[in-house]
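The primary structure of each chain is shown beneath.
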Amino acid sequence: MKRVLGLHQPLVLSPMVDVTDPAFRGLAKAHGADVTCSEMIAAVGLVHGNRTAWSLVERAPNESPYGVQFMSADPATIRDAVRQLAERVKVEFVDVNLGCPAPNILKSCAGGFLMRDPALAGKVVAAARAAADEAGIPHVSAKMRLGPDASRLTYLEVGQAVTDAGADWVTLHARTVAQGYSGDAEWGHIARLVEHLDAPVLGNGDLRTPEDVVRMRDTTGCAGFFVARAAMRDPTVFSRMRKALDGKPPGPEPTMPERMATLLDYLDRSGPDAPIGDLRRMGTRLVAGSPGAARLRSQFNAAADAATLRVLAETTRNSAA
Ligand SMILES: Cc1cc2nc3c(=O)[nH]c(=O)nc-3n(C[C@H](O)[C@H](O)[C@H](O)COP(=O)(O)O)c2cc1C
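Please read all numbers here as calculations on a predicted model, not as lab measurements.

1. Considering the overall build of the protein
Part 1 of the reasoning: Looking only at helices and strands, the protein features 15 helices and eight strands.
Part 2 of the reasoning: A globule of 321 residues ought to have a C-alpha radius of gyration of about 20 Å, and the protein, at 19 Å, matches this closely.
Part 3 of the reasoning: Projected onto its principal axes, the C-alpha coordinates of the protein cover approximately 55 × 45 × 35 Å.
Part 4 of the reasoning: Across the 321 residues of the protein, 51% fall into the buried class.
Part 5 of the reasoning: Residue pairs at least 24 apart in sequence account for 70% of intrachain contacts in the protein once pairs closer than 6 positions are excluded.

2. Observations regarding the packing of helix H12 (residues 256-270) against helix H13 (residues 276-287)
Part 1 of the reasoning: Two elements in contact, H12 and H13, have axes whose closest approach is 10 Å; the angle formed by their N-to-C orientations is 160 degrees. Considering the angle they form, H12 stands roughly antiparallel to H13. In the crossing of H12 with H13, the sense of the turn from one axis to the other is right-handed. Between H12 and H13, the residues in contact are Arg-259, Thr-262, Leu-263, Tyr-266, Leu-267 and Ser-270 and Leu-279, Met-282, Gly-283, Leu-286 and Val-287, respectively.
Part 2 of the reasoning: Residue classes in the contact of H12 with H13 are distributed as seven nonpolar, three polar and one charged.

3. With respect to the site of the ligand
Part 1 of the reasoning: Around the ligand, 21 residues are found, and the nearest of them are Ser-14, Met-16, Met-40, Ala-228 and Arg-229.
Part 2 of the reasoning: Of all elements in the fold, only strand S2 (36-42) and helix H10 (229-233) reach the threshold of two or more residues within the shell around the ligand.

4. Regarding H12
Part 1 of the reasoning: Under the 1.5 Å per step criterion, the end-to-end length of H12 is 21 Å for 15 residues, consistent within 8% with the ideal 21 Å.
Part 2 of the reasoning: For H12, the complete set of buried residues consists of Arg-259, Met-260, Thr-262, Leu-263, Tyr-266, Leu-267 and Ser-270. Along the axis of H12, the buried residues cluster in a sector spanning 155 degrees; they form a single face.

5. Remarks on unusual backbone geometry
Part 1 of the reasoning: Omega for the peptide link from Ser-64 to Pro-65 comes to -5 degrees, which places this bond in the cis form.
Part 2 of the reasoning: Inspection of the secondary structure puts Pro-65 in the loop between helix H3 (51-57) and strand S3 (66-71).
Part 3 of the reasoning: The phi dihedral of Asp-18 falls on the positive side, at around 65 degrees, and the residue is not glycine.
Part 4 of the reasoning: Examined against the element boundaries, Asp-18 turns out to sit in the loop between strand S1 (11-13) and helix H1 (22-30).
Part 5 of the reasoning: Notably, Cys-109 is not glycine yet its phi reads approximately 65 degrees, a positive angle.

6. Overview of the domain arrangement of the protein
Quite often, the size of an interface is put as the accessible area lost when its parts meet.
Part 1 of the reasoning: Per the domain assignment, the segments making up the protein are domain 1 (11-245) and domain 2 (256-320).
Part 2 of the reasoning: Taking only C-alpha atoms, the centre of domain 1 and the centre of domain 2 are 29 Å apart.
Part 3 of the reasoning: Contacts between the two partners involve nine residues from domain 1 and, on the opposite side, eight residues from domain 2.
Part 4 of the reasoning: Of all the elements in the fold, those that place two or more residues in the side of domain 1 that touches domain 2 are H1 and H10.
Part 5 of the reasoning: Considering every element that reaches the side of domain 1 that touches domain 2, the biggest residue donor is H1, with four residues.
Part 6 of the reasoning: Across the side of domain 1 that touches domain 2, the residue classes break down as five nonpolar, two polar and two charged.

7. Things to note about the environment of Ala-313
Part 1 of the reasoning: When you line up the elements, Ala-313 lands in helix H15 (residues 306-320).
Part 2 of the reasoning: In this structure the C-alpha to C-alpha distance between Ala-313 and Cys-109, which are 204 residues apart in sequence, comes to 43 Å.
Part 3 of the reasoning: Here Ala-313 is in contact with Met-260, Leu-263 and Leu-264, once residues within four sequence places are set aside.

8. Observations regarding the sheet that holds strand S5 (residues 139-144)
Part 1 of the reasoning: Read from one edge to the other, the open sheet built from eight strands follows the order S1-S8-S7-S6-S5-S4-S3-S2, with strand pairing classed as parallel. In this open sheet, the two strands that pair with only one neighbour each are S1 and S2. Across this sheet, the average inter-strand angle for adjacent strands is 25 degrees, counted without regard to direction.

9. Re the pairing of strand S7 (residues 201-204)
Side-chain direction in a regular strand flips from residue to residue, so the side chains alternate between the two faces of the sheet.
Part 1 of the reasoning: Burial along S7 is two-sided: Val-201 and Gly-203 facing one way and Leu-202 and Asn-204 facing the other are all buried.
Part 2 of the reasoning: Two strands pair when backbone bridges link them, and strand S6 (residues 169-173) and S7 are joined in this way by four bridges, in the parallel orientation. The residue bridging Thr-171 from the neighbouring strand is Leu-202, located in S7.
Part 3 of the reasoning: Handedness of the β-α-β unit built from S6, helix H8 (residues 188-196) and S7 comes out right-handed.
Part 4 of the reasoning: Two elements, S7 and strand S8 (residues 224-227), share three bridges in a ladder whose sense is parallel. Looking at the pairing, Gly-203 lines up with Phe-225 of S8.
Part 5 of the reasoning: On the question of chirality, the crossover connecting S7 to the parallel S8 by way of helix H9 (residues 210-220) is right-handed.

Thresholds, definitions, all that
- Residues numbered from 1 in each chain as written.
- Predicted model: local features only at pLDDT ≥ 70, side-chain atom pairs only at ≥ 80, totals over all residues.
- Helix = DSSP H or I, 4+ residues; strand = E, 2+ residues; numbered from the N terminus.
- Rg over C-alpha atoms; globule rule 2.2 N^0.38 Å.
- Buried ≥ 20, exposed ≤ 12 C-beta atoms within 10 Å, placed from the backbone.
- Contact = placed C-beta atoms within 7 Å.
- Axes fitted to C-alpha atoms, helices over the stretch in contact; angles between N-to-C directions.
- Parallel < 35°, antiparallel > 145°, perpendicular 65-115°, else oblique.
- Left-handed = near helix turned anticlockwise from the far one by under 90°.
- Nonpolar A, V, L, I, M, F, W, Y, C, P; charged D, E, K, R; others polar.
- Near = placed C-beta within 6 Å.
- Expected span 1.5 Å × (residues − 1).
- Arc of directions from axis to C-beta.
- Domains from an automatic or database assignment.
- Pairing = 2+ DSSP bridges.
- Right-handed = clockwise from strand over helix to strand, strands pointing away.

See below:
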């Protein structure tokens, strides 16, 4: 079995805009995510000193291996971003986003647009690779989709182009760009890419439960897993996924007191200056689907500051225990 970052079948916290900030990544790491990755960062923003971009690439103390995902269609810009990043943040890898379906990103010819153009995708990854080599960043990777739409499945060509250009592994979210997040991820394509490439392939899409991860491993032979929405709702899911991969019973989903403990941990990791909107959103995601979620959501949304949210989380934890 091919290893990624020296790891056997790693569980990776998949990048998510407005979710995978340093505090969240630290939390996922503490609960069994083997590898963490920043959300998609516009390379041009980092190069121009955008403060939010720089705050999002900060590394939490426990993150290792850690990577930053860049979005750009311009080889020169991504090269500059990788160089500047390496001067300020220690990362084990840089990932190139080849899958974002947001209209404004597609318009800029980046993200999922690159699934239309294997040659350009290869040039962008080659630029990242050259800059990473110069700057001492050990690895470069790319995260793709199946292709622009169902009539153009380009993942085999793009996968080949980016690994020829120096990507150490690729991740395949088994949906097309046109699909966005609708329909089911078609894991059969992950198995095809595993067969097609010499480089390791990580699978992504619809890994909702520990059993799903085992099924993806057994049906695709992929070298690791990217988990997004299941982790967004419950960053402790990684430890149960690992147990299932090890052939052990994964154990039950977290109780409400455990979910509140996770929220309190996130508040601690976020520090006093975190925007209250981010903290409230984390609270509502953690209780989604649980009994009493609607009432808790409105209480969280009414919390004026982190201290109020903390009291709410503590009260809910203690009363539900
Ligand atoms: C809120 C949200 C934000 C996302 N942001 C990114 C991103 O910044 N970069 C990226 O490559 N994928 C992004 N994705 C896609 C996920 O990383 C992942 O590929 C997709 O959700 C499928 O995995 P899942 O079924 O485990 O959620 C995002 C997904 C969601 C739900």
